[in-house]
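For reference, the chains in residue letters:
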Amino acid sequence: MTKLPALRRSPIALVVLLLLGLTMTGTAYAAFKPAAPVNPMEQAANASEEDIETGRKLFLANCASCHGTNAQGNGTAGPSLVGVGAAAVDFQVSTGRMPLAEPGVQAPRNARAVNFSEEEIYQMAAFVHSLGPGPDVPEPEYLDASQGDPANGGKLFRTNCAMCHNSSGSGGALTRGKYAPDLMNVTPAHIYEAMQTGPQSMPVFNDDNITPEEKRDVIAFIKDIEEGGSSYGGHSLGSLGPAGDALFVWTFGIALIIGAAVWLGRKAS
Amino acid sequence: MTTTRVPQGADHLRRHGRTTAGAPPTKPTLPPGVGWADERVGAAKGMRFLLNKVFPDHWSFLLGEIAMYSMIICLITGTFLTFWFVPSMGHTVYDGQYAPLQGVGMSEAYKSTLDISFEIKGGLLIRQLHHWAALLFIVGIALHMARVFFTGAFRKPREINWVIGTVLSLLAVIEGFAGYSLPDDLLSGTGIRAMAGFMQSAPVIGTYMTFMVFGGEFPGELIIPRLYIAHVLLLPALLVGLFTLHIMLVVVHKHTQYPGPGRTNDNVVGFPLLPVYTAKAGGFFFIVFGMTALISAFVAINPVWVFGPYDPTQVTAGSQPDFYMWFSDGALRLLPGWLEFTVFGTTWSFNIFLGSLLLLPLVWTIAGVYPFVEQWITGDKREHHILDRPRNNPVRTAVGVAAISMYTVLALATVNDILAIKLNLSINDITIAFRTLFFVAPVVSFWITKRLCLALQRADRDKVLHGREAGIIMRSAEGRFEEEHEELDPYTRWPLVQYEPIRPLSLTEGPDVNERGVSRRRQMTHRLRRSMSDFYFADRVEPVTPAELAAAHHHGEQEAIEAIEQHSDPVNAIPGEVPHGRHHDDH
Ligand code: HEM
């Protein structure tokens, strides 16, 4: 009876409570985080006339202010979308980059800002596709990571992507506030489309540079890291290389040793 | 130890210290969680035997030992690694357990590193232990060096040991760099590439030098075997040899001590070397080893399989060396590109040269000569075995902090890209900010540190003269509120008054002009010495003299001031000279 209140006031209870709270918020956050559509989209080339027409209306309502009524571009507000292809529309809209919320150095990924259903995105993609030929959304067979070769994907990744995205896919800085984002939790379709369309500062890797099969290898490599295939040896400290190690050793590392020494010294004297 | 001691202003206090050395023991209390574990497992009690009276002096004396034990851990784990590591750049194809690299071409060095990590039992733990211990080694050295600097432990007779220490720290950094380069992964290869660039930037001889070291064009097949011999044989031999000398000199000089009652320039207060020191050393070694092992078991370091094998056509974002090389890499990131130019068809890469071939030797040279420079300025040729409290040498402390701030700015510039993504900043703005900070930070931190030291010294004076605030508010008959002040006991007072003020040459030597107003003819070097002496010691707070103390204790405020005027040293008195008519009456 008297034990409980005493226990509640002990500093250990505070630590336990804090840990519990943190774990629960983390779990809740993961549960409520809106997930991007996972199923690959149908090819825009097969779209019906109604789809294109609905797509045009959606485009006029949401995109035309910046991209022009015929997606021909509108000065500095937005570039022409003729020929960018359905892949670009799917990538930009279903990662939440478009419609652009506010002008900035770079349109950020924002899964929570996706206000369109998958069907609506498909319709807009079909409309843009109808204006001029461009890369279509990827075919499902190239998105199946389990069929890819992560070792070959790793080689391709280190040659073509690591200089911007880091060899562990944890992202990197570019000039003037631009950045190559971290590639964890990006759907296979978006990885494929990013390579194919080269959003913003990213170069285009067309099928001559990296074949569809090789793109699948790259996807397999990224998914392998995501699933923990490279995490050996303990906590990765954010996969930041020596920067994380340095931060750790100058804070926790040395504090642990000095702390232990001081404590034992006090205890023993 | 025999020294000619000049009586100091507060010498009478030392008599008190001698008669009753040793403060009453205080019972240690343990935090609740720890106490719980201790009562059941007896963790601390078990260690008590080994660790009895481990730290008679001060925790800061352990920093050097952290370095020493980390070095030993590196030696032990490194030996283990040599059993499997293959120092060869010969080509091979990976066929081991780590799937994402199967069938990938790589060097034998990289493959053997993967094998140690994935095939050899306990190999990964040992690799991580080796690397974490290497980082802790250099952290230990850096903190130890800072301790020695800020307490003035480098003063006579320990200047040579300071120089040895400087060389040790340089060797440690080179040893670390060589080790980091061995696994031949993408990051270490990028590091070697940078080293090649450093060497090539040497005017005229650069290209020849690179060809000699690499045995031809970069990367060649020789660099890893060469670095290997340096890392496992040459540098460890030098490190262990110099370190032994370093420790022998510590024994010869005896350890310095912080000022305290009973501690004089002629004695050492502490515990006998044997058997206590042996137990102490052994116990602390196990603590350092244990903690490093704990870290290595739970936190990954240098996961080479993530970086991939080195290939000169590849590079990864976030390429950084280990932190001890940061300041040089950071300097390269801050130096403007126009420092590279072409004259008569030859390229002069000062943007690289300044930040590497010039900066690296410069930093260690400045560190190495500091004790001699300070000695030349003070002209103090006496031995010192009592450490300075950093506040009692404000300019030295401020110079140290300014140097550290400069070094830190350069070091942080190395992670400009990581800072940019983590803080959502533009890398260009960060670079501009760091360029500015490189010049501003030392000035500002110098000023702040110096002011802080002087303020702390004044606070000490205040405490000695007026006692410490007792926390008791008294109301007088007229209704005035006043806080009680409690007089300091002699043990607490001693460290606050024992130091000797150093006065600038312009005071002790007299003015620069003679009686007739004609400026004295002095050598250039002497004039420089005078101005340096002013820079160091013009602003200073003198310790409380016995006369001031007596006056403050026995008389009212007004009388106290008169007493000070009667008894205190004239401002420009030679330090240590005993003024006539000094008396001290005990109460
Ligand atoms: C291999 C790296 C080093 C190791 C293992 C090491 C270890 C030690 C140890 C155990 C002591 C005696 C206890 C102490 O005061 O901490 C000591 C004293 C000393 N060290 Fe080092 N040290 C290293 C590097 C350095 C460096 C980088 C410097 C400065 C440039 C330095 C300067 C000194 C000096 C002047 C003393 C005598 C100080 C005194 O007695 O208070 N050492 N060292």
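Residues numbered from 1 in each chain as written. Chains lettered and ligands numbered in written order. Predicted model: local features only at pLDDT ≥ 70, side-chain atom pairs only at ≥ 80, totals over all residues. Heavy atoms only, no water.

Draft legend 1. Representation of the environment of B:Val288 in the model. Residue placement: B:Val288 occurs in helix 11 (residues 273–298). Considering only alpha carbons, one finds B:Val288 and B:Ala133, 155 residues apart in sequence, at a separation of 9.2 Å. Beyond its immediate stretch of four places on either side in the chain, B:Val288 contacts A:Ile257, B:Tyr69, B:Ser70 and B:Ile73. (Helix = DSSP H or I, 4+ residues; strand = E, 2+ residues; numbered from the N terminus. Contact = heavy atoms within 4.5 Å.)

Draft legend 2. Layout of a negative patch on the surface. All names here are of chain B. A surface patch of like charges, here negative, comprises Glu-469, Glu-483, Glu-484 and Glu-486. The element that contributes the greatest number of residues to the negative patch is strand 6 (residues 481–486), accounting for three residues. Here Glu-469 is to be found in strand 5 (residues 468–475). (Patch = residues over 30% accessible without salt bridge, like charges linked within 9 Å, V, L, I, M, F, W, Y side chains within 5 Å. Areas by Shrake-Rupley, 256 points an atom, 1.4 Å probe, with all protein chains shown as cover. Salt bridge = Lys/Arg side-chain N within 4 Å of Asp/Glu carboxyl O. Lys, Arg positive; Asp, Glu negative; His and termini not counted. Charge placed at Lys NZ, Arg CZ, Asp CG, Glu CD.)

Draft legend 3. Representation of the site of the ligand in the model. Residues and elements named next belong to chain B. Near the ligand lie 25 residues; those nearest to it are His-144, Arg-147, His-246, His-255 and Thr-256. One nitrogen or oxygen atom from the main chain of Phe-61 is found 3.0 Å from an oxygen atom belonging to the ligand. Between Thr-256 and the ligand, the recorded distance is 2.5 Å, taken from a side-chain N or O atom to an oxygen atom. Contributing elements (two or more residues each) for the shell around the ligand: helix 4 (63–82), helix 6 (123–150), helix 7 (159–181) and helix 10 (223–253). Broken down by class, the residue content of the shell around the ligand amounts to 13 nonpolar, nine polar and three charged. (Near = heavy atom within 4 Å. Polar contact = N/O pair within 3.5 Å; in protein donor to acceptor, adjacent residues only side chain to side chain. Nonpolar A, V, L, I, M, F, W, Y, C, P; charged D, E, K, R; others polar.)

Draft legend 4. A look at the domain arrangement of chain A. Residues and elements named next belong to chain A. In terms of domain boundaries, chain A breaks down into domain 1 (44–131) and domain 2 (140–229). At the interface, 14 residues of domain 1 touch 15 residues of domain 2. For the pair domain 1 and domain 2, the summed buried surface comes to about 1,200 Å²; carbon and sulfur atoms form 49% of the total. Among the residues domain 1 hides against domain 2, the three largest losses belong to Phe-91, Gln-106 and Arg-109. Together they make up 48% of the total. Inspection of the region where domain 1 meets domain 2 yields zero salt bridges. Our enumeration of links across domain 1 and domain 2 arrives at five residue pairs in polar contact (both at pLDDT 80 or more). When grouped by side-chain class, the residues that make up the side of domain 1 that touches domain 2 number seven nonpolar, four polar and three charged. (Domains from an automatic or database assignment. Buried area = accessible area lost by both parts, 1.4 Å probe.)

Draft legend 5. Local environment of the confidence of the model for chain B. When pLDDT is averaged along chain B, the result is 82, and 81% of the positions lie at 70 or above. Overall, residues 567–587 of chain B carries pLDDT values under 50, and its contacts beyond four positions in sequence, including any with other chains, amount to 29 contacts. (pLDDT = per-residue confidence, 0-100.)

Draft legend 6. Summary view of unusual backbone geometry. Here the residue pair A:Met98 and A:Pro99 is connected by a cis peptide bond, since its omega of -5° sits within 30 degrees of zero. By the element assignment, A:Pro99 lies in the loop between helix 5 (85–94) and helix 6 (118–131). Note the cis peptide between B:Lys156 and B:Pro157, where omega equals 5°. In this structure, B:Pro157 sits in the loop between helix 6 and helix 7. Not every positive phi belongs to a glycine, and A:Gln200 is a case in point at roughly 45°. You can see A:Gln200 is positioned in the loop between helix 9 (188–197) and helix 10 (212–226).

Draft legend 7. Just the environment of B:Gly176, in detail. Structurally, B:Gly176 is set in helix 7. Separated by 252 residues in the primary sequence, B:Gly176 and B:Asn428 have C-alpha atoms spaced 30 Å apart.

Draft legend 8. Expanded view of the layout of surface pockets. Within this model, the largest pocket holds a volume of roughly 1,700 Å³. Lining the largest pocket are 49 residues, with B:Ala403, B:Ile404, B:Met406, B:Tyr407 and B:Thr408 positioned closest to its centre. Those elements giving two or more residues to the lining of the largest pocket turn out to be helix 11 (242–268) of chain A together with helix 6, helix 7, helix 13 (326–334), helix 14 (350–378), helix 15 (394–413), helix 16 (416–423) and helix 17 (427–466) of chain B. Residue contributions to the lining of the largest pocket peak at eleven residues, all from helix 15 of chain B. Per-domain counts for the lining of the largest pocket show at least three residues from each of domain 2 (55–378) and domain 3 (389–500) of chain B. (1 Å grid on protein atoms, 1.4 Å probe; cavity = no way out; pocket = protein on both sides within 12 Å on 5 of 7 lines; lining within 4 Å. Points joined across faces, edges and corners; volume = space filled by probe spheres on them.)

Draft legend 9. Main features of the packing of helix 4 of chain B against helix 6 of chain B. Residue and element names in this part refer to chain B. Where helix 4 contacts helix 6, the axes come no closer than 7 Å and their chain directions differ by 155°. With respect to each other, helix 4 and helix 6 are oriented roughly antiparallel. Helix 6 is crossed by helix 4, and the crossing has left-handed handedness. In terms of residue class, the contact of helix 4 with helix 6 is built from 16 nonpolar, eight polar and two charged. (Axes fitted to C-alpha atoms, helices over the stretch in contact; angles between N-to-C directions. Parallel < 35°, antiparallel > 145°, perpendicular 65-115°, else oblique. Left-handed = near helix turned anticlockwise from the far one by under 90°.)

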